[in-house]
Every structure is written in C-alpha cells, then in structure tokens.
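Architecture at a glance
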Amino acid sequence: MTLGRVRGLSPEEVVRARSLRAHGYSARQIAKVLGISRVTAAAFVRQPAEADARALAAGEVRACWVSPGWSAGLLVDERYRWPDRPDTVADTPGLAAVLIARSAGRDTVSACGYLVDLYCLGVKDVIGPRILNDQQHAQFTRTFFAGYRQPPVAAPIELAQQLVLGAARYARSLGFEPAAGFDAVRGHLGDWSGVRAVAFGRQGRPEYIQGPYDDAGQVEGTLRGSAGGPTVEQVAAAVAAGNPDRAGGARPRPTGPAATPPVSGAAGSAAGAGRIELVGV
C-alpha cells in the first residue's frame, strides 16, 4: 500500500502526521510535534484527506469485529453461517457496532467504527479513520465495545459489509441517509460483492427504536411517509431463496391494519443506545 509521499517526511512521519491531522492538529502544531519545518507540515496538510482515505482503505484487513447478538430480530440466510453468539441476549436489539482495522504501514493500523441501526435508520454514527499502533488498537477495541456484556465477535469482512452497507441501503429506501462522515470511512469496508444475505427491519418490518440524540418526530414522520413495499411474508420467502432484495427494494411492511411501522418508546431502548453511542471513543 502506498501511504502517500511528502518531500521531507519519512514513511513513519507520514503516519504520525496523518494521525495528528485526524485529531484536528494544525500544520503549525504538526510541525512542532514532529520536529519538522512548517513548510513541510503545510504541504502535508494541503493534501486532500480523500487521498489519504483511499490509501488507507487499500490496506490489508487486520481485524474485523461485530457486537454480540447482532442477528437478534433479523431475517438471515442461514446458508452463510455468519458468526454470532447464539446464547447471547442482545443488549440493544436492532443496534450493531462494527469495527474494522486495516494495515496502515509499519506497526500501525487504520481503524474505523460504525454504529448501525439494523431495524430502521441505518448508519447512525461513525468514527475514524484512526491511525493506531498495536497497543492503541487493542485499547481502542476494548473501549469501542465496552458497552456490551459479552466480548465482540470476530467476523469476516463480508459480514461487516452486509451489516453496514446493507443497512444503509435499507435505510435509504425508508428515506434516511447515513451519518455525516460516512464517506470518509466507507472505503474501509472494501468492495461489496452485491450478495445480500440479510433482510433488515425487525422480522422484516421497519421498527424505530429511539436513541438519545434522535429527533423522534422527524423520524416517525419519515416512516409514515415511506410505508409501503412487500409484506413480511414476501421478505421471509426472499431470504429463504437467498435474495432478500427481490422482495421489493428492502421496504417491508406489516400486513393488515398496521399500515404504519411501529415506533418504540425511548424507555429502556434509548438507554441501551446510549451505552454504545460512539461519542467520546
């Protein structure tokens, strides 16, 4: 992987400078910390952040973790045998945390995290890329999943793609866009093959679980405006056939008089969401 070239900086200094820039350091501050000239630091800062993101996303996957109990309430194609802890009671059903670390050069990784609402809103929060050494990476992983009673589940990158990209696609069909900053961390997920093995929503129905930072009225209004699409029975049949998308654009709805997606109250669920919100990691 090419980490980027700046005249006057060694590869190790490039990695350190990238980490400082990700934490909001100015060119002057980077120059002081690394002991380099302000001209060199300014040249680095002027490099487009998108170029860094592309370079980091090309690194080899070093680790991929998902929160335990991620599959609770989902319709999952069992033929793929995605890993989970079947004996785990999900701390926050419908919410999953995903962490991916890719090689970023000598003894460092680039880590990105995603908080995903699998029942409704899609990608709610993101963090990264963070440039970390091995010790920092281990601590970051512990902190990231600290809100769960069980340890995270080691997963293939394909499962991370299913959960993050699949949920984002589903949420868009309901009228919700991914969280700000998603474009900067999208590349860490790699190229998605297009195979879908998960139908989102709780048992095929969109369900909103209010989080501590949500505008519940706006969310409910968007959901009411997006009601429609296939029935839950059609979604289940599509998953069994191995192609959830053929159920009709990932917009399942309940049959009968319950024409509007159910909206759960904040009690209990909101507290759970707060435990794993990415703010402050």
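What counts, and where the lines are drawn
- Residues numbered from 1 in each chain as written.
- Predicted model: local features only at pLDDT ≥ 70, side-chain atom pairs only at ≥ 80, totals over all residues.
- Heavy atoms only, no water.
- Core = buried A, V, L, I, M, F, W, Y, C linked by side-chain atoms within 4.5 Å.
- Buried < 20%, exposed > 50% of the residue type's maximum accessible area, 1.4 Å probe, protein only.
- Helix = DSSP H or I, 4+ residues; strand = E, 2+ residues; numbered from the N terminus.
- Phe/Tyr/Trp six-rings, centres within 6.5 Å; stacked < 30°, edge-to-face > 60°.
- Lys NZ or Arg CZ within 6 Å of the ring centre and 35° of its normal.
- Salt bridge = Lys/Arg side-chain N within 4 Å of Asp/Glu carboxyl O.

What follows covers the nonpolar core. In terms of nonpolar packing, the biggest core is built from 41 residues, with Y114 and L118 touching the most fellow members. Of the residues forming this core, the biggest block, 11 residues, is contributed by helix 6 (residues 157-174). The next biggest cluster of nonpolar side chains, apart from the first, holds 12 residues, and it includes A101, L132, F145 and Y148.

A few words on unusual backbone geometry. Here G128 and P129 are connected by a cis peptide whose omega angle stands at -5°. Along the chain, P129 turns up in strand 5 (residues 122-133). Its identity is not glycine, yet Q203 carries a phi of approximately 55°, on the positive side. Counting through the fold element by element, Q203 comes out in the loop between strand 7 (198-199) and strand 8 (208-209).

For the structure on display, the rule yields 5 aromatic pairs. A centroid spacing of 6.3 Å and a plane angle of 50° characterise the contact between F145 and Y148, whose relative ring orientation is tilted. Since its relative accessible area comes to 5%, F145 is described here as buried. A network of ring pairs unites the aromatic residues F140, F144, F145 and Y148 as a single cluster. The ring of W192 carries the charged tip of R196 above its face, separated from the ring centre by 4.5 Å.

It is worth spelling out the pattern of salt bridges at this point. Enumeration over the complete set of coordinates arrives at 4 salt bridges. Its salt-bridge partner being D77, residue R79 comes within 2.8 Å of it at the nearest N-O pair.

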